[in-house]
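Examining the three-dimensional arrangement
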Amino acid sequence: MTLIERAGSIHIHTDYSDGAGTHAEVAEAAAGAGLDFVVVTDHNVLAREHEGWRSRVLVLVGEEVHDPAAPDVNHLLVLGAERDLAPLAGDPQALLRAAQAHGGLAFIAHPHERAGRAIAEGAIDWVAWDAEGYTGLEIWNYMSEFKGLLSSRLAAVALAYAPRLGIRGPFPETLARWDALLARGGVVYALGGADAHAQEYALGPLRRRVFDYPHLFRAVTTHVLVSGEWTGRLDHDARLVYEALAAGRAFVAYDALADARGFRFTAEDEVEERPMGATVPAWHGLALRIEAPRDAYLRLVRHGEVVAEGEGCCLVFPNPFPGAYRAEAYLHHALRRRGWIFSNPIFVRSVACPGPERPPADGSPFC
């Protein structure tokens, strides 16, 4: 199967909830940023009538569901569901079951946040970790990271004008949570979110739009590998995006540092090459390959442990043990190594494992 890379922005708010722009303005900004698709996720509203091709961009509409009675916890991005699920926001487990039942994907939004002390904004965390059935995690939320950096008024002013001095990557606690879930055999995929609102903020006499849609659409993006060409038909093209997300054929990138198009993380042997999200047997001769579009510091991570690393545009790891592996790429900017690309996992299972195509979660996930 030939896979085609499409870059998009997920987790966007419009004037249907607490965003500043219309769906048309979102599409125009996305086109200017060179994106192929966007997924709008207004709070507790599903405005599917705004889906379609606009300004050469595929505009999809999901929703960010949360309980209005408890707005500071348990936000869930529901993508591709057939109906509005906001009435179930007060019961995370019921909400997750309904998302599955109605053909939706469920990604936990900003699983771990940090308060922005300078702007008096608290953390909005996911606390319902006993609930089951989510597709994955939003491992990198651009605005959440920005908020967490605002430790003082001076920092807030500086970073509002020069955010690349502060942005570093997903929160370590989020990556640790993801790695722990993968190590237990969970099939948990990742996406990145802009959390775009494009609102204007005030700090004393200073007022600034932090940040506008064009800026956010060039920041943290999600690149998907879809299984076919666009046709211009909404149902077909939306299915391509959602199928890729559901299969883990995606990676998260901070394109503000450098264009991440062309990155690949694959499992290959003498017969075939498999993409991110795949489950492969640990045949002799199997190798995991990371390829970046430019030189970077590359790391291969298994269950939270770095098992291979190196500088360059390619890293190959032969004969991997069973487990869940994911790739990372970092670039140097402003005297620091900063996160650039974070891939979805590839699952390697024992050749002797007779289990299902995906790793079971019964205590011996990789046999």
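Residues numbered from 1 in each chain as written. Predicted model: local features only at pLDDT ≥ 70, side-chain atom pairs only at ≥ 80, totals over all residues. Heavy atoms only, no water.

Side note on the environment of Leu-191
What counts is decided by this rule: Secondary structure elements follow DSSP: runs of H or I no shorter than four residues count as helices, runs of E no shorter than two count as strands, and numbering proceeds from the N terminus. Under the scheme applied here, a residue whose accessible area is under 20% of the maximum for its type counts as buried, over 50% as exposed, and between as partly exposed, the area being computed with a 1.4 Å probe on protein chains only. Any two residues having at least one pair of non-hydrogen atoms within 4.5 Å are treated as being in contact.
Positionally, Leu-191 belongs in strand 8 (residues 189-193). Judged by relative accessible area, Leu-191 falls into the buried class, the value being 0%. Considered as a pair, Leu-191 and Gly-19 are 172 residues apart in the sequence and their alpha carbons are 21 Å apart. The contacts of Leu-191, once residues within four sequence positions are left out, are Ile-10, Leu-77, Leu-79, Phe-107, Leu-137, Glu-138, Ile-139, Trp-140, Thr-222 and Val-252.

So, the packing of aromatic side chains
We count it as follows: In this scheme Phe, Tyr and Trp rings, the latter by its six-membered ring, pair at centre separations within 6.5 Å, and the angle between planes marks the pair as stacked below 30 degrees, edge-to-face above 60, and tilted otherwise. Only lysine NZ and arginine CZ atoms are considered, and such an atom sits over a ring when it is within 6 Å of the ring centre and within 35 degrees of the ring normal.
Throughout the structure, instances matching the rule amount to 13 aromatic pairs. With a centroid separation of 6.3 Å and 40° between ring planes, the pair formed by Tyr-142 and Tyr-254 is classed as tilted. One end of the pair, Tyr-142, is in helix 3 (residues 142-148); the other, Tyr-254, is in strand 12 (residues 250-254), and 112 residues separate them in sequence. The exposure class of Tyr-254 is buried, given its relative accessible area of 1%. Ring pairing ties together the aromatic residues Trp-140, Tyr-142, Phe-146, Phe-211, Tyr-254, Tyr-297, Tyr-330 and Phe-342, which thus form one cluster. For Arg-177, the ring lying beneath its charged end belongs to Trp-129, and the centroid distance is 4.0 Å. Over the aromatic face of Tyr-297 sits the side chain of Arg-337, whose NZ or CZ is 3.7 Å from the ring centroid.

What about the side chain of Ser-9?
Mapped onto the fold, Ser-9 is located in strand 1 (residues 4-12). Using a relative accessible area of 0% as the deciding quantity, one classes Ser-9 as buried. If sequence neighbours within four positions are ignored, Ser-9 has contacts with Leu-35, Phe-37, Val-38, Val-39, Ala-194 and Phe-217.

Concerning the state of the cysteines
For the record, the criterion: Put simply, a disulfide is two cysteine sulfurs that come within 2.5 Å.
All chains considered together, the criterion is met by zero disulfides. The closest cysteine sulfur to the non-disulfide-bonded Cys-313 is located on Cys-314, 6.4 Å from its own sulfur. When its relative accessible area of 38% is taken as the criterion, Cys-313 is described as partly exposed. For Cys-314, a relative accessible area of 36% puts it in the partly exposed group.

Thoughts on unusual backbone geometry
Not every positive phi belongs to a glycine, and Asp-195 is a case in point at roughly 55°. Inspection of the secondary structure puts Asp-195 in the loop between strand 8 and strand 9 (200-203). The backbone of Ala-334 shows a phi angle near 50°, a positive value even though the residue is not glycine. Relative to the assigned elements, Ala-334 resides in the loop between strand 18 (323-333) and strand 19 (336-343). In this structure Ala-334 comes out as partly exposed when scored by relative accessible area, which is 35%.

Observations regarding the environment of Tyr-189
For clarity, the threshold we go by: In protein, a polar contact requires one atom able to donate a hydrogen and another able to accept it; more generally it is a pair of N or O atoms within 3.5 Å, and residues adjacent in sequence count only if both atoms are side-chain atoms.
Along the polypeptide, Tyr-189 turns up in strand 8. Between the C-alpha atom of Tyr-189 and that of Ile-139, which follows or precedes it by 50 residues, the distance is 9.2 Å. Within polar-contact distance, the side chain of Tyr-189 engages the backbone oxygen of Gly-277 at 3.2 Å.

A word on the nonpolar core
Most often, soluble globular proteins keep nonpolar side chains buried together rather than apart. The following threshold applies: Residues enter a nonpolar core if they are buried and are Ala, Val, Leu, Ile, Met, Phe, Trp, Tyr or Cys, with the set joined through side-chain atoms within 4.5 Å.
Counting 121 residues, the largest nonpolar core has Leu-79, Phe-217, Phe-265 and Trp-340 as its most contacted members. A total of seven residues in this core trace back to one element, the largest contributor, which is strand 16 (residues 287-302).

Re the pattern of salt bridges
Side chains that differ in charge, positive against negative, can pair when their charged atoms come close. Rules: A pairing counts as a salt bridge when a side-chain nitrogen of Lys or Arg comes within 4 Å of a carboxyl oxygen of Asp or Glu.
Applying the stated criterion across every chain, the model contains 15 salt bridges. Across the pair Arg-274 and Glu-272 runs a salt bridge, and its minimum N-O distance is 3.9 Å. Arg-274 sits in the partly exposed class, given a relative accessible area of 24%. Looking at Glu-272, the relative accessible area reads 42%, which means it is partly exposed. The closest approach of N and O atoms between Arg-337 and Glu-311, which form a salt bridge, is 3.7 Å. One end of the pair, Arg-337, is in strand 19; the other, Glu-311, is in strand 17 (residues 305-318), with 26 residues separating them in the sequence. Among the residues examined, Arg-337 registers a relative accessible area of 40% and is labelled partly exposed. Look at the salt bridges and you will find they share partners, linking Asp-179, Arg-299, Arg-326 and Glu-328 into a network.

Honestly, it's all geometry; don't read function into it.
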